[in-house]
Amino acid sequence: MAARTDLFTSPDYFNLDDLLTEEHKLIRESVRNYVKKEISPIIEEYAQKAEFPQQIVKQLGDLGCFGPTIPTEYGGGGLDYISYGLMMQELERGDSGVRSTASVQGSLVMFPIFAYGSEEQRKKFLPKLATGEWLGCFGLTEPNYGSDPSSMLSNFKDAGDHVILNGAKMWISNAPFSQVAVVWAKNEEGDVQGLIVERDMKGFSTPTTHGKWSLRASATGELVFDNVKVPKANIFPNVKGLKGPLGCLTKARYGIAWGTIGAAMDCYDTALRYSKEREQFGKPIGGFQLQQKKLAEMITEITKAQLLNWRLGVLMNEGIATPQQVSMAKRNACEVATNICRDARQILGAMGITGEYSVMRHMMNMESVITYEGTHDIHLLITGMDVTGLNAFK
Ligand code: TGC
Ligand code: FAD
């Protein structure tokens, strides 16, 4: 397949750039240039082959996309949440799988090690994860427990200076290529705790999940623990209970809110350009009211979501964003992006189903993104609980 030329022009209908600092714009520019140079030309072929482009791990580390909000003394970027959001927007503009790799590494692996880990754990793992020398994954979901992780079966038992871990995790991004897995399991009292499981630990395996029609350029796998001896030094000392993994998810869901709008921006930009070039009935299809309705609604929803994300970023920077606000933004962005990708695909007609354009790949990716890190329904129920004070889960 011929490498695709990336003609992306970023939509900014409400002059949102005025809300950004020069540093924000520089960071966005550098990630945008990286995506144009290293991702757009190759990603379609990897997605078609259902292969993970392993070279991006080191590249994303070099670019500072792993743990941008982690302090620099541990190898992170020491940046604010708007910078982090912009990075995720640009990466997912290229492909959701690329953003997934960065989200998992930064928010689901580096963040818990930083926030819940011992100083030894921080020093041992964070610098190598920040550079991409090591890749990490996050194991919460199990074959029988997805939306309801509190019922997980994975467990560990005390055995002196180590514990014995048993169980299985499923649908784990990055699993097949990870050196490090942050795993959530129950102790003998039934409390959820986080453990760092390393690739070479005996009894630990990571079978690849095949046959996905979505997020095809991202590697997904299982984590299987068969009497794995995990040193007690690898258990997080500073958190117990489901708030540990859910706290990580709040950071990653924030990144997804920005990321999916990146995919939507790419689809809008592609559809807009196509609608001005493609002629039917003697004029560009963009001149027909039905296509203008789609494009006008796309840019309206993108603009609303960009504003919501920016405001959420400010609240994150101030340390006062609530997990429920993050849920609303994640849910809204996934819905907006899903609809925009589908409409863009329609505007491209038959060309929209091919790998000549990015829209079908984005559209299929959205089916994963609207499902993982809490499904669309789960985030609606989180908002419902927040506004009514009534819990629909129990
Ligand atoms: P619940 O009793 O409500 O809460 C248990 C404790 O956790 C606290 N909490 C949170 N803390 C931080 N951030 C959040 N978002 C939090 N949500 C809840 C809560 O305050 C409580 O604390 P404490 O101190 O009282 O113990 O828990 P529940 O069992 O009723 O569940 C609630 C529910 C359904 C909302 C939660 O389980 C949920 O969010 N389920 C969805 C599961 C999910 O999102 N899984 C994602 C797996 S990872 C993934 O998909 C990665 S994809 C990565 C990629 O490729 O990009
Ligand atoms: P289920 O929980 O079985 O839900 C099935 C349906 O029932 C959904 O529509 C859901 O909304 C609905 N439902 C469930 N409960 C309720 C309720 N109370 N009320 C109303 N409706 C309800 N997990 C990880 O731990 N780490 C990862 O890295 C990771 N990466 C992933 C990568 C991909 C590509 C995918 C697709 C998933 C990944 N996941 C990961 C798993 C993901 O988080 C789960 O798929 C998700 O949380 C939903 O769980 P489930 O698939 O078991 O669906």
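Residues numbered from 1 in each chain as written. Chains lettered and ligands numbered in written order. Predicted model: local features only at pLDDT ≥ 70, side-chain atom pairs only at ≥ 80, totals over all residues. Heavy atoms only, no water.

### Some details on a nonpolar patch on the surface
Step number 1: A surface patch of nonpolar side chains, amounting to about 430 Å² of accessible area, comprises Tyr13, Phe14, Leu19 and Leu307.
Step number 2: Here leucine 307 shows up in helix H7 (residues 289-317). (Patch = residues over 30% accessible without salt bridge, like charges linked within 9 Å, V, L, I, M, F, W, Y side chains within 5 Å. Areas by Shrake-Rupley, 256 points an atom, 1.4 Å probe, with all protein chains shown as cover. Salt bridge = Lys/Arg side-chain N within 4 Å of Asp/Glu carboxyl O. Helix = DSSP H or I, 4+ residues; strand = E, 2+ residues; numbered from the N terminus.)

### A closer look at the domain arrangement of the protein
Buried accessible area, meaning the area lost when the parts come together, often serves as the stated size of an interface.
Step number 1: Under the domain assignment used here, the protein contains domain 1 (16-131), domain 2 (136-234) and domain 3 (243-388).
Step number 2: Measuring from the centre of the C-alpha atoms in domain 1 to the corresponding centre in domain 3 gives 20 Å.
Step number 3: Between domain 1 and domain 3, the buried area comes to about 2,500 Å², and carbon and sulfur atoms account for 63% of it.
Step number 4: Counting across the interface, domain 1 meets domain 3 through three salt bridges.
Step number 5: The salt bridge partner of glutamate 44 is arginine 361, with a shortest N-O separation of 2.8 Å.
Step number 6: One can count 15 residue pairs in polar contact (both at pLDDT 80 or more) joining domain 1 with domain 3.
Step number 7: The set of elements that each furnish at least two residues to the side of domain 1 that touches domain 3 consists of helix H1 (22-49), helix H3 (81-94) and helix H4 (96-116).
Step number 8: Top contributing element to the side of domain 1 that touches domain 3 by residue count: H3, with ten residues.
Step number 9: The residue makeup of the side of domain 1 that touches domain 3, split by class, is 14 nonpolar, seven polar and six charged. (Domains from an automatic or database assignment. Buried area = accessible area lost by both parts, 1.4 Å probe. Polar contact = N/O pair within 3.5 Å; in protein donor to acceptor, adjacent residues only side chain to side chain. Nonpolar A, V, L, I, M, F, W, Y, C, P; charged D, E, K, R; others polar.)

### Examining the packing of aromatic side chains
Step number 1: Considering all chains together, one arrives at 16 aromatic pairs under this definition.
Step number 2: Between phenylalanine 111 and tyrosine 116, the aromatic rings sit 6.0 Å apart at their centres with planes inclined by 75 degrees, giving edge-to-face as the arrangement.
Step number 3: A relative accessible area of 17% places phenylalanine 111 in the buried class.
Step number 4: For tyrosine 116, a relative accessible area of 10% puts it in the buried group.
Step number 5: Both rings, one in phenylalanine 281 and one in phenylalanine 288, keep their centres 6.4 Å apart while their planes meet at 85 degrees; by these two values the pair is edge-to-face.
Step number 6: Relative accessible area serves as the criterion here: at 79%, phenylalanine 281 is assigned to the exposed category.
Step number 7: Look at phenylalanine 288 and you get partly exposed, because its relative accessible area is 27%. (Phe/Tyr/Trp six-rings, centres within 6.5 Å; stacked < 30°, edge-to-face > 60°. Buried < 20%, exposed > 50% of the residue type's maximum accessible area, 1.4 Å probe, protein only.)

### Observations regarding the site of ligand 1
Step number 1: Surrounding ligand 1, one finds 26 residues, the nearest of these being Ser100, Ser173, Arg253, Glu373 and Gly374.
Step number 2: Within the side chain of tyrosine 372, a nitrogen or oxygen atom sits 3.3 Å from an oxygen atom of ligand 1.
Step number 3: Glycine 374 is positioned such that a nitrogen or oxygen atom in its backbone is 2.9 Å from an oxygen atom of ligand 1.
Step number 4: Protein chains shield 74% of the accessible area of ligand 1, which is 1,100 Å² for the free molecule. (Near = heavy atom within 4 Å.)

### Focus: the environment of alanine 337
Step number 1: Within the element layout of this structure, alanine 337 appears in helix H8 (residues 323-347).
Step number 2: By relative accessible area, which is 0% here, alanine 337 ends up buried.
Step number 3: A C-alpha to C-alpha distance of 9.8 Å links alanine 337 and valine 369, two positions 32 residues apart in sequence.
Step number 4: Sequence-distant contacts of alanine 337, that is, excluding residues within four places in its chain, are made with Thr260, Ala264 and Met366. (Contact = heavy atoms within 4.5 Å.)

### Overview of the pairing of strand E4 (residues 180-186)
Step number 1: Within E4, seven of the seven residues are buried, which leaves the element mostly enclosed by the surrounding structure.
Step number 2: Where burial is concerned, the two faces of E4 agree: the one with Val180, Val182, Trp184 and Lys186 and the one with Ala181, Val183 and Ala185 are both buried.
Step number 3: Where strand E1 (residues 136-139) lies against E4, four bridges are found, and the strand directions are parallel. Across the sheet, the residue bridging to cysteine 137 is alanine 181, located in E4.
Step number 4: Where E4 lies against strand E5 (residues 192-198), seven bridges are found, and the strand directions are antiparallel. Residue pairing for E5: lysine 186 is matched across the bridge by valine 192.
Step number 5: The turn joining E4 and E5, which pair antiparallel and follow one another in sequence, is formed by five residues; a positive phi near 90 degrees is taken by glycine 190. (Pairing = 2+ DSSP bridges.)

### Points about the pattern of salt bridges
Step number 1: In total, this model carries 20 salt bridges according to the counting rule given.
Step number 2: Residues lysine 58 and aspartate 62 are paired through a salt bridge, measuring 3.1 Å at the closest nitrogen-oxygen approach. With lysine 58 and aspartate 62 both in helix H2 (residues 55-63) and four residues apart, this pair spans about one turn of that helix.
Step number 3: With a relative accessible area of 43%, lysine 58 lands in the partly exposed category.

### Description of the site of ligand 2
Step number 1: By nearness alone, 18 residues border ligand 2, and Thr141, Ser147, Trp171, Thr375 and Asp377 come closest of all.
Step number 2: Within the backbone of tryptophan 171, a nitrogen or oxygen atom sits 2.7 Å from a nitrogen atom of ligand 2.
Step number 3: Interatomic distance of 2.8 Å between a side-chain N/O atom of aspartate 377 and an oxygen atom of ligand 2.
Step number 4: Contact with the protein chains hides 66% of the accessible area of ligand 2, taken as 980 Å² for the molecule alone.
Step number 5: Here ligand 2 is seated within the largest pocket. (1 Å grid on protein atoms, 1.4 Å probe; cavity = no way out; pocket = protein on both sides within 12 Å on 5 of 7 lines; lining within 4 Å. Sits in = over half its atoms within 2 Å of the grid points.)

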